[in-house]
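# Commentary on secondary and tertiary structure
The primary structure of each chain is shown beneath.
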Amino acid sequence: MSARVDIAVIGSGAAGIAAGVCAARSGCSTLILDSRAAPGGIGGFSGITTLCGLYDDAGKFLNDGFTHEFAQAVAESLPVKMGKVFVLPYRPKNFRSLAEKFISNTSHLGAQWKTPLADVVFDGGRITRLNGFEVGAVIDCSGAAEVAKAIGAETLATDETTQASAVVFTLCNVRRPIATAADMAHVLLRLARAGFAPLNLQASLEPDTFTAKFAGRAAQVPELITFLRANVRGFEECLTSLDDMTTAHRAGRMIVGQYVLTGQDVMTGRKFPDAVARCAWPIEQWNAAGVVSFQFLPPGIHYQIPARSLRAAHVANLFMAGKTISAEVDAIASARVMGCCLATGAAAGILAADYVKSSPLR
Ligand SMILES: Cc1cc2nc3c(=O)[nH]c(=O)nc-3n(C[C@H](O)[C@H](O)[C@H](O)COP(=O)(O)OP(=O)(O)OC[C@H]3O[C@@H](n4cnc5c(N)ncnc54)[C@H](O)[C@@H]3O)c2cc1C
């Protein structure tokens, strides 16, 4: 007879960590599977250093429960205001160690690393087995709807023309502040005149250090650094470790759920009777040239995400969180930030646990 788990969570980024911990805390035996060697996903491994989507436009937490708990545990400072939004700076190594700590300290929760999703059995409208385990419910937190893909369930794709990838790396020894749009414009203008793709710089918790998101190719980064050192004041001694460079993909694949969250829901701050998460992050689009544009919600407004956007339309025991929730391209361009992934992950964990506990098959 094969082993059984109540809930299998595929992926251990922001969404998967929250989903696994919350499902297990609800009393269900839960197993996280990830093809990587350790938990963290994009938030832990791509060099990103700001948690977005945690706050409203006054800097107040939007979601309590695990989202708040994780943010408080990773925080080393108060949130920082960047233009119209608040973000929380963090260190990726702390994000990873916190993820490991939450997983190992939670009863009923296990994990298997270097374990890609495999051998998914779909029978009678439900997923009955995967990776050799009998399962009661599955939460797809893979960022790319891997579970849905494996069983041929309907998906929606984002597109690289509005969600372009970026090369993320750390830039150290920058001897000038880049706190305002004018500071940033000065650097960008120099780069643009020299023919480089856009570069986005965000201050990190380390002194004189920035997280760089470059819209060009990874192979162009050494040339970019040489140019900055020779031509831009304050960057004369800037350094990066090419080993830490990652190409991170904003675009993913979403699963069609019982409700598809729309861009209009986001922009009008729509509320739902079955709401399970809140978000106020703008619709953030990165075009193919790597230029970002923001559509901000009206002041003081947030939108809600309904439980139906976390439940697959035609697979009774499939739930989803993070980048894979049921959402239009414009809506996921807001809801994909990590604060929101934590919130949908936590909600999906609780919804899946409720489903399993009420299932006659348990
Ligand atoms: C360039 C870039 C910059 C960004 N900047 C920010 C920012 O500053 N702040 C912010 O809040 N957000 C930012 N984001 C968005 C945010 O980081 C992601 O949308 C979010 O982290 C996604 O979380 P997730 O848990 O849904 O998925 P992921 O973090 O992608 O986790 C998915 C996990 O699933 C695993 N997996 C995938 N396929 C399989 C499989 N077949 N079997 C087993 N495991 C599998 C992966 O290994 C991974 O660990 C940025 C994104 C990009 C690309």
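Everything quoted here is computed from the prediction, not taken from an experiment.

Calculation rules
- Residues numbered from 1 in each chain as written.
- Predicted model: local features only at pLDDT ≥ 70, side-chain atom pairs only at ≥ 80, totals over all residues.
- Heavy atoms only, no water.
- Helix = DSSP H or I, 4+ residues; strand = E, 2+ residues; numbered from the N terminus.
- Expected span 1.5 Å × (residues − 1).
- Buried < 20%, exposed > 50% of the residue type's maximum accessible area, 1.4 Å probe, protein only.
- Axes fitted to C-alpha atoms, helices over the stretch in contact; angles between N-to-C directions.
- Left-handed = near helix turned anticlockwise from the far one by under 90°.
- Contact = heavy atoms within 4.5 Å.
- Near = heavy atom within 4 Å.
- Polar contact = N/O pair within 3.5 Å; in protein donor to acceptor, adjacent residues only side chain to side chain.
- Areas by Shrake-Rupley, 256 points an atom, 1.4 Å probe, with all protein chains shown as cover.
- Nonpolar A, V, L, I, M, F, W, Y, C, P; charged D, E, K, R; others polar.
- Core = buried A, V, L, I, M, F, W, Y, C linked by side-chain atoms within 4.5 Å.
- Domains from an automatic or database assignment.
- Buried area = accessible area lost by both parts, 1.4 Å probe.
- Salt bridge = Lys/Arg side-chain N within 4 Å of Asp/Glu carboxyl O.
- Pairing = 2+ DSSP bridges.
- Parallel < 35°, antiparallel > 145°, perpendicular 65-115°, else oblique.

A rise of 1.5 Å per residue sets the reference length of helix α1 (residues 14–25), with its 12 residues, at 16 Å; its end C-alpha atoms lie 17 Å apart and thus fit the reference within 8%. Most of α1 is tucked away, with 11 of its 12 residues classed as buried. Taken together, the buried positions of α1 are A14, A15, G16, I17, A18, A19, G20, V21, C22, A23 and A24. Taken from the residues just after α1, G27 is the one with a positive phi, measuring 95 degrees.

Contact geometry of helix α6 (residues 181–193) with helix α7 (residues 221–231) gives a least axis separation of 11 Å together with a crossing angle of 120 degrees. Pair α6 / α7 crosses with right-handed handedness. From α6, V187, R190 and L191 reach across to α7, where they touch L224, F227, L228 and N231.

Not every one of the 34 residues close to the ligand is listed here, only the nearest: D34, I42, T50, R336 and M338. The backbone of A14 places a nitrogen or oxygen atom 3.2 Å from an oxygen atom of the ligand. Interatomic distance of 2.9 Å between a side-chain N/O atom of K213 and an oxygen atom of the ligand. Taken by itself the ligand offers 1,000 Å² of open surface, and the protein chains cover 92% of this. Only α1, α2 (41–45), β3 (50–51), β11 (166–171) and α10 (338–357) provide two or more residues apiece to the shell around the ligand. Looking at the shell around the ligand residue by residue, the classes come out as 16 nonpolar, 11 polar and 7 charged.

So, about the nonpolar core. Formed by 74 residues in total, the largest nonpolar core has its most connected members in I7, F66, F95, I139, L261 and I305. Looking at this core element by element, the count peaks at 13 residues for α10. Discounting residues that sit within four places of it in the chain, F66 has contacts with I17, A18, V21, C22, R25, F102, L342 and A346. One finds V174, F196, L201 and C238 within the second-largest nonpolar core, a separate group that totals 22 residues.

Here we take up the domain arrangement of the protein. Where the parts come together, the accessible area they lose is often given as the size of the interface. Under the domain assignment used here, the protein contains domain 1 (4–159 + 253–276 + 303–357) and domain 2 (166–248). Once you take the C-alpha centre of each, domain 1 and domain 2 turn out to be 31 Å apart. Residue-level contacts link 12 residues of domain 1 with 8 residues of domain 2. Here domain 1 and domain 2 share an interface that buries about 860 Å² over both sides, 56% of which is from carbon and sulfur atoms. When the area that domain 1 buries against domain 2 is broken down by residue, the three leading residues are S46, T49 and R91, summing to 44%. Between domain 1 and domain 2 we count 1 salt bridge in total. Linking domain 1 with domain 2 are 4 residue pairs in polar contact (both at pLDDT 80 or more). Looking at side-chain class alone, the side of domain 1 that touches domain 2 contains 5 nonpolar, 5 polar and 2 charged residues.

This brings us to the sheet that holds strand β5 (residues 85–89). Strand order across the open sheet formed by 3 strands is β3-β5-β4, with antiparallel pairing between neighbours. Each of the sheet's edge strands pairs with one partner strand only, and the pair in question is β3 and β4 (80–82).

Attention now goes to the packing of helix α3 (residues 66–74) against helix α4 (residues 92–105). Relative placement of two packed helices is described by the angle separating their axes and the distance separating the axes. Remark: α3 packs on α4, axes separated minimally by 10 Å, with the N-to-C direction vectors making an angle of 130 degrees. In terms of axis orientation, α3 runs oblique to α4. Here α3 and α4 pass one another in a crossing that is right-handed. Contacts between α3 and α4 involve F66, E69, F70, A73 and V74 from the former and N94, F95, L98, A99 and F102 from the latter. Of the residues belonging to the contact of α3 with α4, the class tally is 8 nonpolar, 1 polar and 1 charged.

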